[in-house]
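Notes for the structure review
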Amino acid sequence: MEAAVEPGNLAGVRHIILVLSGKGGVGKSTISTELALALRHAGKKVGILDVDLCGPSIPRMLRAQGRAVHQCDSGWVPVFVDQEQSISLMSVGFLLESPDEAVVWRGPKKNALIKQFVADVAWGQLDYLVVDTPPGTSDEHMAAVEALRPYSPLGALVVTTPQAVSVGDVRRELTFCRKTGLQVVGVVENMSGFVCPHCAECTNVFSRGGGEVLASLAGVPFLGSVPLDPELTRSLEEGQDFIRDFPKSPAFPALFSIAQKV
Ligand code: ADP
């Protein structure tokens, strides 16, 4: 018999994956979103917690912008982004009056909201909770790790682009994981080459392979290289389900296989 779920906490969640990146714009929210979609297509129940408080982009990527979060006896009910209710999402974006509103809060207020997102959201039974974090290692990361630690297994997935400068930032992320005792699920190299839609030749716009070398030097798993893919950009802008609708796209095989390795 399955253990009863304490309402309003994460007791019913089997795996928690914190998605980290050294800097912004490397595709952290993209990987969080596509990982959730790929896990859903593999039959898993998935939650996404968006703690990128100053740049919440997941509601837009999943076409859930403007949806309202409701209260129930056990806390906030997350927004279900699909009809089957297999992906639930909680984001500060749902609490703002308009998508253009800026979150101008000091650390303690941000930390309090993250703790509330963990303790007061009725997540229910989930196979995976994917946590999208802000870039770098800030107060928000410490708050998230502290709040989530009692609910392990808690792991980190680190996203980088192939250039040396981004890879250097990732070293700091890996140090953060070591210092906070976070297990590293693996490194993903994003924007790794561009496959020409006309001739299928791959151009390494930002060089290639830095993420894999770094993972091997750090002794952590390398989960895959996701190419630059205009169909992926478009599907995210339009809030489409890339995993369901673009199985022939260059980025699909890598994204699908990453979800099988976490
Ligand atoms: P971050 O969360 O690291 O700030 P985002 O996930 O918001 O970065 O990605 C930044 C932009 O790059 C978005 O417009 C996204 O659609 C695009 N993008 C990310 N990864 C890819 C990719 N592999 N192919 C094409 N576009 C991508």
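What counts and how
Residues numbered from 1 in each chain as written. Predicted model: local features only at pLDDT ≥ 70, side-chain atom pairs only at ≥ 80, totals over all residues. UniProt positions renumbered as here; feature names shortened; annotations may be inferred. Helix = DSSP H or I, 4+ residues; strand = E, 2+ residues; numbered from the N terminus. Contact = placed C-beta atoms within 7 Å. Near = placed C-beta within 6 Å. Nonpolar A, V, L, I, M, F, W, Y, C, P; charged D, E, K, R; others polar. Buried ≥ 20, exposed ≤ 12 C-beta atoms within 10 Å, placed from the backbone. Arc of directions from axis to C-beta. Axes fitted to C-alpha atoms, helices over the stretch in contact; angles between N-to-C directions. Parallel < 35°, antiparallel > 145°, perpendicular 65-115°, else oblique. Pairing = 2+ DSSP bridges. Core = buried A, V, L, I, M, F, W, Y, C linked by C-beta atoms within 7 Å. Left-handed = near helix turned anticlockwise from the far one by under 90°.

**Thoughts on the UniProt feature "binding site: [4Fe-4S] cluster" (unreviewed entry) in the protein chain**
Residues given the UniProt feature "binding site: [4Fe-4S] cluster" (unreviewed entry) here are C196 and C199. Residue position: C196 is located in the loop between β9 (183-195) and β10 (202-203). Residues in contact with C196, not counting those within four places in the same chain, are E201 and T203. Within the secondary structure, C199 sits in the loop between β9 and β10.

**Observations concerning the site of the ligand**
As a structural note, the neighbourhood of the ligand is formed by 18 residues, with G27, K28, S29, T30 and T233 the closest of them. Elements represented by at least two residues in the shell around the ligand include exactly α1 (28-41), β9, β11 (222-228) and α7 (230-237). Taken together, the residues that form the shell around the ligand break down as seven nonpolar, nine polar and two charged.

**With respect to helix α6 (residues 210-218)**
For α6, every residue scored as buried is listed here: G210, G211, L214 and A215. Along the long axis of α6, the arc covered by the buried residues comes to 130°, so they all point the same way. Residues of α6 that are exposed and point more than 90 degrees away from the buried face comprise S216 and L217. One or two positions beyond α6, positive phi appears at G219, with a value near 70°.

**Digging into the UniProt feature "binding site: ATP" (unreviewed entry) in the protein chain**
Mapped onto the present numbering, the UniProt feature "binding site: ATP" (unreviewed entry) falls on G22, K23, G24, G25, V26, G27, K28 and S29. We classify G24 as partly exposed; it has 14 C-beta atoms within 10 Å. Locating G27 in the fold gives a position in the loop between β1 (13-21) and α1. Look at G27 and you get buried, because 22 C-beta atoms sit within 10 Å.

**Some thoughts on the environment of K45**
Among the structural elements, K45 can be located in the loop between α1 and β2 (46-50). The spacing of K45 and L126 is 81 residues in sequence and 5.1 Å in space, taken between C-alpha atoms.

**Quick word on the packing of α1 against helix α9 (residues 252-261)**
The contact between α1 and α9 brings their axes to 9 Å, and the two run at 70°. Considered as vectors, α1 and α9 are oriented roughly perpendicular to each other. Residues E34, L35, A38 and L39 of α1 touch α9, and the partners they reach there are L255, F256, I258 and A259. Class assignment of the residues belonging to the contact of α1 with α9 gives a composition of seven nonpolar, no polar and one charged.

**Description of the pairing of strand β8 (residues 154-160)**
For β8, a buried count of six out of seven residues is recorded, marking the element as mostly surrounded by other parts of the structure. Note that β1 and β8 share six bridges and pair parallel. Of the residues in β8, the one forming a bridge with I16 is L154. Bridge count for β8 against β9 is six bridges, and the pairing is parallel. Looking at the pairing, A156 lines up with V184 of β9.

**Examining the nonpolar core**
Counting 72 residues, the largest nonpolar core has L18, L129, V130 and V131 as the members making the most contacts within it. Discounting residues that sit within four places of it in the chain, L18 has contacts with V131, T133, A144, L154, A156 and L182.

**Re the packing of helix α3 (residues 107-119) against helix α4 (residues 139-148)**
What describes two packed helices is the angle between their axes and the distance between those same axes. At their nearest, the axes of α3 and α4 sit 9 Å apart, and the two run at 30° to each other. Put simply, α3 runs roughly parallel to α4. Between α3 and α4 the crossing geometry is right-handed. Between α3 and α4, the residues in contact are G107, K110, N111, I114, K115 and V118 and D139, E140, A143, A144, A147 and L148, respectively. Classifying every residue of the contact of α3 with α4 gives six nonpolar, two polar and four charged.

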